[in-house]
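Understanding the architecture of this molecule
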Amino acid sequence: MTPELWNGFLKGDRISCARVISLLENEPDSRSDVLDRLYPLRKGATRIGITGPPGVGKSTVTAALTKEARSADHTVGIIAVDPTSPFSGGAFLGDRIRMNELTGDEGVFIRSMASREGHGGLSPSTPYVADVFDAFGMDMVFIETVGVGQAEIDVLTCADIIVVVLQPSTGDTIQALKAGILEAADMFLVNKADLPGADMVQESLRFMLEMDTRREDQHLPPILAVSARNDTGMDEAFAQLMQVIERLGDAGRFLAKRKERIEREVIEAMRKILYDDFLAKSGARDEIEQFAVRCAESNQSPFPFIRELSSRVKMEPRNDGKT
Ligand SMILES: Nc1nc2c(ncn2[C@@H]2O[C@H](COP(=O)(O)OP(=O)(O)OP(=O)(O)O)[C@@H](O)[C@H]2O)c(=O)[nH]1
Ligand SMILES: [Mg+2]
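Everything in this summary refers to the structure shown in the same document. Keep in mind the model is a prediction, meaning the values are calculated, not measured.

Attention now goes to the packing of helix H2 (residues 14-26) against helix H3 (residues 31-38). Following both chains from N to C, one finds H2 and H3 inclined at 140°, their axes separated by 9 Å at the closest point. Comparing their axes, H3 and H2 come out oblique. Seen along the crossing, H2 lies across H3 with a hand that is left-handed. The segment H2 lies against H3, with Val20, Leu23 and Leu24 engaging Arg31, Val34, Leu35 and Leu38.

Attention now moves to the pairing of strand S4 (residues 140-146). By the criterion of burial, S4 is predominantly enclosed, with seven of the seven residues buried. The alternating pattern of S4 places Met140, Phe142, Glu144 and Val146 on one face and Val141, Ile143 and Thr145 on the opposite face, and all of these are buried.

What follows concerns the sheet that holds strand S1 (residues 46-52). Across the sheet, which stays open at both edges, the seven strands sit in the order S3-S2-S4-S1-S5-S6-S7 with parallel pairing between neighbours. Looking along the sheet, the strands with just one partner apiece sit at the ends: strand S3 (108-114) and strand S7 (223-225). Along the sheet, successive strands turn relative to each other by an average axial angle of 20°, direction set aside. Of the strand pairs in this sheet, S1 and S4 are connected by seven bridges, and their pairing is parallel. In the strand pairing of S4, Ile48 is matched with Phe142. Set on the sheet, helix H10 (residues 198-211) makes contact with strand S5 (161-166), strand S6 (187-190) and S7; between it and S7 the angle comes to about 175°.

When we look at burial in helix H1 (residues 3-10), the residues that qualify are Leu5, Trp6, Gly8 and Phe9. Projected onto a plane normal to the axis of H1, the buried residues spread over an arc of 160° and lie on a single side. When the buried face of H1 is taken as reference, the exposed residues oriented beyond 90 degrees from it are Pro3 and Glu4. Of the surrounding elements, those touching the buried residues of H1 are H2, H3 and helix H6 (126-136). Once H1 finishes, Gly12 follows within two positions and takes phi at roughly 90°, a positive value.

For the rest of this paragraph, the subject is helix H4 (residues 58-71). Three- or four-residue spacings in an α-helix give side chains the same orientation, since the helix completes a turn every 3.6 residues. Helix length check: H4 (14 residues) gives 20 Å between terminal C-alpha atoms against 20 Å at 1.5 Å per residue, within 8%. Of all 14 residues in H4, ten are buried; the element is thus mostly enclosed. Taken together, the buried positions of H4 are occupied by Lys58, Ser59, Val61, Thr62, Ala63, Ala64, Leu65, Thr66, Glu68 and Ala69. At the exit of H4 stands Asp73, carrying a positive phi of roughly 70°.

This part covers the side chain of Lys58. In this fold, Lys58 is placed in helix H4. Of the side chains bearing the opposite charge, Glu144 lies closest to the buried Lys58, which forms no salt bridge; the N-O distance is 4.7 Å. At a separation of 3.4 Å, a polar atom in the side chain of Lys58 contacts the main-chain carbonyl oxygen of Gly52. Looking at Lys58, its side chain comes within polar contact range of the main-chain oxygen of Pro53, at 2.8 Å. In this view, Lys58 contacts Ile50, Thr51, Gly52, Pro53, Glu144, Thr145, Val146 and Val165; residues no more than four positions away in its chain are not counted.

Let us now look at the environment of Arg14. Its location among the elements puts Arg14 in helix H2. Classification of Arg14 by relative accessible area gives partly exposed; the value is 22%. In this structure, the C-alpha to C-alpha distance between Arg14 and Phe109, residues 95 residues apart in sequence, is 8.2 Å. The residues touching Arg14, leaving out its near neighbours within four places in the chain, are Asp105, Glu106, Val108, Phe109 and Phe136.

Overall, the coordinates contain 14 salt bridges when judged by the stated rule. Put simply, Arg261 and Asp160 hold a salt bridge, and the shortest N to O gap is 3.7 Å. With Arg261 in helix H12 (residues 253-282) and Asp160 in the loop between helix H7 (150-158) and S5, this pair connects stretches of sequence that are 101 residues apart. You can call Arg261 buried: its relative accessible area is 14%. Using a relative accessible area of 0% as the deciding quantity, one classes Asp160 as buried. Ionic pairing is found between Lys259 and Glu263, a salt bridge with its closest N-O pair at 3.3 Å. Here the residue Lys259 and the residue Glu263 both occupy positions in helix H12, the gap between them amounting to four residues, near one helical turn. By relative accessible area, Lys259 is classed as exposed at 51%. Accessibility expressed as a relative area gives 41% for Glu263, which makes it partly exposed. One salt-bridge network, in which partners are shared between bridges, spans Arg42, Arg47 and Asp131.

Rules of the game
Residues numbered from 1 in each chain as written. Chains lettered and ligands numbered in written order. Predicted model: local features only at pLDDT ≥ 70, side-chain atom pairs only at ≥ 80, totals over all residues. Heavy atoms only, no water. Axes fitted to C-alpha atoms, helices over the stretch in contact; angles between N-to-C directions. Helix = DSSP H or I, 4+ residues; strand = E, 2+ residues; numbered from the N terminus. Parallel < 35°, antiparallel > 145°, perpendicular 65-115°, else oblique. Left-handed = near helix turned anticlockwise from the far one by under 90°. Contact = heavy atoms within 4.5 Å. Buried < 20%, exposed > 50% of the residue type's maximum accessible area, 1.4 Å probe, protein only. Pairing = 2+ DSSP bridges. Arc of directions from axis to C-beta. Expected span 1.5 Å × (residues − 1). Lys, Arg positive; Asp, Glu negative; His and termini not counted. Salt bridge = Lys/Arg side-chain N within 4 Å of Asp/Glu carboxyl O. Polar contact = N/O pair within 3.5 Å; in protein donor to acceptor, adjacent residues only side chain to side chain.

Quick look at the structure:
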């Protein structure tokens, strides 16, 4: 990262902020340098995942919640994760256009990101974009993802709070939502309550939640009917969201989630470092592939090969006096 870019970021220049995000997304090698600088600047912005089936109004809800947050003097970063377009490989612009109303506001920063290719999940840099917003001074970060497939599971691990958005006549969709997301939801918004049937969805959610004995949280999450497009019930939704944030914050939930995130990150990084090191030292990459070809063609067990490979790895305690 150039000194000019970093100075621009520190001065609160939005273009520099956008460039820092691009750097994280596009240049994995510069990631640790960027993050070393960003981490000490973070103030602990709350990360709110907004998820739910396609088209239920997640972007409209996010925009409406952002307006409420702005009236309460919060600054807001928005990460809109779109499925990777099969044509351009880039993020759809639709969400950004919908959020147009917010774009003139200095207290709001919107970033559209394509989801990870082939996985439908969050891009590996999504959590870091939240760190950039945090370091830039935003105190709430909304992460919008389509709640189908891997993205909803990923959002569980990178957000502090999960808001699930549904709409009337998505009764079947509730069942289709991954069980994990229902358990993990901290709040439900039944959007498009201007259409008939929102109360039915509320009812069936309440029923399912009461039946679910696996929930860790003793409190049932609030289930509110809103109309984000008509701005009905959004002030109450925001007030409830702030209450949930306060309650879970007091219960130590954010710290626990952050600890888990850091632990996972360290373990994944070590796994990669050790594996790369093993490949470099053993030259086994080709052997693994050749073995797989042979193994696939026979009914040979892979374990003798695995044992042989692992016998080539020797971990020795450092005794060279360095730390
Ligand atoms: N009737 C009604 N329509 C709404 C409401 N909120 C959003 N919509 C409409 O629902 C459609 C989808 O809204 P989005 O906010 O793009 O939904 P989304 O969940 O972000 O969509 P994807 O990101 O594509 O999954 C749009 O045509 C909105 O105008 C609402 O409260 N009532
Ligand atoms: Mg959307």
